[in-house]
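Residue-level listing of the chains:
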Amino acid sequence: MGIKGLQGFVARVCPDACRMVDLREMAEKHHIDHPDFPPVIVVDAMSCVRYWYTPDSWVCGGQWREYLAILEDFIKAFMAAGIKLVFYFDGVVEKKKRDEWVKRRLQNNKEIARIFQFIKTHRKQPGREMFTVPSALPTFTRFALKSLGQKTVCTLQEADFEVAAYGLQHNCIGILGQDSDYLIYNTCPYFSIEKLRLDRLVTVMYSREDLCRALGLSLTHLPLFACLLGNDIVPESLLEGFWHKCLVNSPHKNNSYNRRTNIFLAVADYISQVPCSYSSLKHLEEVLPLGSDKTILYRGVESYLLPGQQSPWIPPNVTSCQTFSLQQQTALCEDKEIFQLAKEQHIQSENYTIFNILSNGEIECSNSLEDECDTEIPGQALIYRPARQHIYSVLLESGKGGAYPLVKEWFVYFGNPLQQPELIQPVQPSIPGGTPNLKTLWFAKGPDVEKQRYSTFLACFHLQDRMEDLQALEAPVAAFCCLLTYLMMQVSSLSLEDLNAFVALILCLKGKSAARLAGLQLAQVDSRGVHLGAVFVRGLTTLLMANSACGFPFRMDDLMPWEVFDGKLFQEKYQQSHRGCSLEELLEGNESLYTPFQNLKSFICKVCMAKKRTIQSRPRGNGFITGTQQREFNPRFQQTHRSSFVPPYDHQMRGFLWRNLQPQGKK
């Protein structure tokens, strides 16, 4: 997360440390110097996603096909220059960073509330100055890059350390990201994603050496410099008194600079006069008001030491040996084979959250674009909790001593202060004969096991008795059906109009290119449609978790949002449905979709009715035409949008719908 204000300070006060560089030229030089090793840039993907997401629409749930095309173009630009990319994603939130994580999530809640207030007032998306990434963007970016053939790593500790270590150990030409900690690590050069011009492959390189020259420091001073300015380990609140003393004694105080800039210069001046030794660090720890934790500076400096590196601030017999601290014997999972496979799949970005659960029984979920004022729709964290409880049961089996261990959840939703994790009890899904053990689901082979994987997956969403119907569908459509049916069962306020919008979305999305979806224009944006889009996309991550736990009955690629969702298209279908448009308009005049529409809708309503859930019509209009007004003069609408929907079909749908719902040109 870096040092607050450092990059701005470098740009203002040390302009020589910000050089525009041509990445093609650097790659060519690397080829000459190292002909047997291709030039590699290691990418801190988590700090890049907000710069990669450039589609105009961001509030409606994500323009996923557009985004996939953007990532593809990004990769191609580097490939054309002969540069290989390696992408790193945060795989954990370390305990020492949890307080900062919570603080940011609570701040994001306020920003999201402002976004919804804007949408309700103006019925349109806010400007880019209020931009927040679509829900689950980092998660799906990881799988997108993997599907595009890229090396994608999910970390076992904070990503910045692993990125810096990889860059150093593999002689990379640089790190691409936006995190000032890369100015502190003694590793390969640091390139800015914010300043990158993809068409010319030029960007700003931040030079540690030039920063040191400007400050009168050496590279070995930088870790202590970072700690005394406040970072993820040393909180700024402990340093105010120290800063005041430095400012009083600094010869470099400049009234034209702001206070933070003068603090940077004063702290650098102080450090330059301190002998580089462990005893100096110990003295500092005595002087600073560090409370009971007197080792905080030591730990802060050590956190910047990459494998094999030493520091004069640390005793000479200590070299960095930072490794993933969790050992097998402390994990919730006692089976070494399962633990090892989960770990490998985690690192290779092949599963989702499974290793976090099996290792320390703790997972988190960041903010979603949810309207805290809409009391009819529970937080997505609560909607999908029953499914997660079944997934935890599949993963943890009987646990230690015959009882399930509780899972710690840090999930953001309105009303959760995030002061401590919620302790969630695993709940066994309803499967005849009981839940298969993890060894069977993950390692066994054969058609019977494939059936068990699929039925266990469905049981997590209370659909185990619908396996035959769903297996007859193409995989992405089956996954969509599974999620939508679960949503309709869990959220009683969802209406026939909402169901119609989702079903029209999956049918009309088929065959639409990224360019065509980009060209779709919305006259206005509905805040409830925005909320539902975010809830649905978060549901897709729950499918990923269940799929990973059950031994992959689906290909992960079949569960991706670009297969089944588009934010603007959903928003259009949502508004059309709620203002009472005809089926013809809803399905874009494509008569071949009428019967699949009715059959798919019939299937979902039938499952809900079997669970005593009747889906009612609740048209919300659009502020201009109400659903009732429209229904009076639209006989086709009268037929398909009744006050409650009684499924006219039983197994008749197994023919026409299941054969005619297959998107063309798919693998």
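Residues numbered from 1 in each chain as written. Predicted model: local features only at pLDDT ≥ 70, side-chain atom pairs only at ≥ 80, totals over all residues. Heavy atoms only, no water.

### Concerning the packing of aromatic side chains
As a reminder of what qualifies: Aromatic pairing here means that ring centres of Phe, Tyr or Trp (its six-membered ring) are within 6.5 Å. Orientation follows from the plane angle: under 30 degrees is stacked, over 60 is edge-to-face, and everything else is tilted. Only DSSP runs of H or I covering at least 4 residues are called helices, and only runs of E covering at least 2 are called strands; the numbering of each starts at the N terminus. For every residue, the accessible area obtained with a 1.4 Å probe (protein chains only) is divided by the maximum for its type, and the residue is called buried under 20%, exposed over 50%, and partly exposed between those limits. Criterion for a charge above a ring: Arg CZ or Lys NZ at most 6 Å from the ring centre, at most 35 degrees from the ring normal.
Within the structure shown, the criterion is met by 30 aromatic pairs. Between Phe457 and Phe554, the ring centres sit 5.0 Å apart and the planes meet at 50°, which makes this aromatic pair tilted. Taken as a pair, Phe457 in helix H19 (residues 447–459) and Phe554 in the loop between helix H24 (527–549) and helix H25 (561–564) lie far apart in primary sequence, 97 residues in all. On the basis of relative accessible area, Phe554 is assigned to the buried category, the value being 4%. Here the aromatic cluster, defined as three or more aromatic residues joined through ring pairs, consists of Tyr53, Trp58, Trp64, Tyr67, Phe131 and Phe140. Over the ring of Phe131 we find Arg128, and its NZ or CZ is 3.9 Å from the ring centre. A cation sits over an aromatic face here: Arg388 above Phe411, 4.0 Å from the ring centre.

### A word on the sheet that holds strand E8 (residues 362–365)
What counts here: Being paired, for any two strands, means DSSP has found at least two bridges between them. Think of each axis as a best-fit line through the C-alpha atoms, taken over the contacting stretch in the case of a helix, with angles from 0 to 180 degrees between the N-to-C directions. Residues count as neighbours in contact if any of their non-hydrogen atoms are within 4.5 Å of one another.
Strand order in this open sheet of three strands is E8-E9-E10, and the pairing throughout is mixed. Edge positions in the sheet fall to E8 and strand E10 (422–424), since each has one partner strand and no second. Across the sheet, the mean angle separating the axes of adjacent strands is 30° when strand polarity is ignored. For strand E9 (residues 407–411) and E10, the ladder comprises three bridges, and the chain directions are antiparallel. Within E10, the position partnered with Lys408 by the bridge is Leu423. Sitting on the sheet, helix H5 (residues 98–122) is in contact with E8 and E9, with an inclination near 25° to E8. Those strands touched by helix H17 (residues 385–396) are E8, E9 and E10, and its axis lies near 145° from that of E9.

### A word on helix H7 (residues 159–169)
With respect to burial, H7 is a largely interior element, nine of its 11 residues being buried. Among the residues making up H7, those that are buried are Ala159, Asp160, Phe161, Glu162, Val163, Ala164, Ala165, Tyr166 and Gly167. Of the surrounding elements, those touching the buried residues of H7 are strand E2 (40–44), strand E3 (84–89), strand E4 (151–154) and strand E5 (174–177). Positioned one or two residues after H7, Asn171 has a phi angle of 50°, which is positive.

### Re the packing of helix H21 (residues 475–490) against H24
To keep things clear, this is the line we draw: We call a crossing left-handed when the near helix sits turned anticlockwise from the far one by less than a right angle, and right-handed when that turn is clockwise. Ten residues, namely Ala, Val, Leu, Ile, Met, Phe, Trp, Tyr, Cys and Pro, are considered nonpolar, four, namely Asp, Glu, Lys and Arg, are considered charged, and the remaining ones, Gly among them, are considered polar.
Axis separation between H21 and H24 bottoms out at 10 Å; the angle between their running directions is 115°. In terms of crossing hand, the pair formed by H21 and H24 is right-handed. Every residue of H24 that contacts H21 at Ala479, Phe480, Leu483 and Leu487 is listed here: Val535, Phe536, Gly539, Leu540 and Leu543. Grouping the constituent residues of the contact of H21 with H24 by class yields eight nonpolar, one polar and no charged.

### Remarks on the environment of Leu168
In this structure, Leu168 sits in helix H7. Residues Leu168 and Leu306 lie 138 residues apart in sequence; the distance between their C-alpha atoms is 8.3 Å. Excluding residues within four positions of it along the chain, Leu168 makes contact with Asn186, Thr187, Leu306 and Gln309.

### Things to note about the sheet that holds E2
The strand order across the open sheet built from seven strands is E1-E7-E6-E5-E2-E3-E4, with neighbouring strands paired in mixed fashion. Only two strands of the sheet have a single neighbouring strand rather than two, namely strand E1 (18–22) and E4. The mean inter-strand angle of the sheet, taken between neighbouring strand axes irrespective of direction, is 30°. Both E1 and strand E7 (residues 202–206) contribute to a ladder of five bridges, which runs antiparallel.

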